[in-house]
Amino acid sequence: VQLQASGGGLVQAGGYLRLSCAASGRTFSGYTVGWFRQTPGKEREFVAGIKWSGGSTYYADSVKGRFTISRVSAENLVNLQMNSLRLEDTAVYSCAASRTVIYSTLGVPSAYHYWGQGTQVTVSS
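Below or above, wherever it landed, is the structure these notes cover.

Cut-offs and rules
Residues numbered from 1 in each chain as written. Predicted model: local features only at pLDDT ≥ 70, side-chain atom pairs only at ≥ 80, totals over all residues. Heavy atoms only, no water. Helix = DSSP H or I, 4+ residues; strand = E, 2+ residues; numbered from the N terminus. Buried < 20%, exposed > 50% of the residue type's maximum accessible area, 1.4 Å probe, protein only. Contact = heavy atoms within 4.5 Å. Disulfide = S-S within 2.5 Å.

This next bit is on unusual backbone geometry. One non-glycine residue, Asn76, adopts positive backbone phi at about 55°. Within the secondary structure, Asn76 sits in the loop between β7 (67-72) and β8 (77-82). Residue classification places Asn76 among the buried residues on the basis of a relative accessible area of 11%. With a phi close to 50°, Ser84 is a non-glycine residue in the positive phi region. With respect to the helices, strands and loops of the structure, Ser84 is situated in the loop between β8 and β9 (91-98).

As a further point, take the environment of Ala22. With respect to the helices, strands and loops of the structure, Ala22 is situated in strand β3 (residues 17-24). Separated by 13 residues in the primary sequence, Ala22 and Gly9 place their C-alpha atoms 17 Å from one another. Look past the residues within four positions of Ala22 in its chain and what remains in contact with it is Gln2, Leu3, Gln4, Phe28, Asn76 and Leu77.

Each disulfide consists of one covalent bond between the sulfur atoms belonging to two cysteines. Inspection of the entire model under this criterion finds 1 disulfide. Shown here is the disulfide that connects Cys21 with Cys95, its sulfur atoms set 2.2 Å apart. What sets the handedness of the Cys21 and Cys95 disulfide is the S-S torsion sign, and at about 70° it is right-handed. Residue Cys21 is located in strand β3, and its partner Cys95 is located in strand β9; the two are separated by 74 residues in the primary sequence. Given the relative accessible area of 0%, Cys21 is considered buried.

Written out as structure tokens, the structure is:
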């Protein structure tokens, strides 16, 4: 499956953005889709994940209550709605997918087999 991430940009602190992850080649059925972010010099960090079948969602503590991950079945999309953005949310955001991720490996980048290109999110003061 090929993934395409979009929706990044420049936003002021307190603002919002919506990222999208589109799949081509096959549907997300049976996959867990995760969003990760990375800043220079730091390791990739898990942000949120969703199991396509059933729709269970998972969030990093740092984004709980501010970010919402959701699926759009008709468009084979996973969205990440990011509200109340903070300076520390600035990063390159990437989406990833896997059929074999389990709860204990949700936040482990190497557990995901397919990755989209990153999209830059910059939060300014």
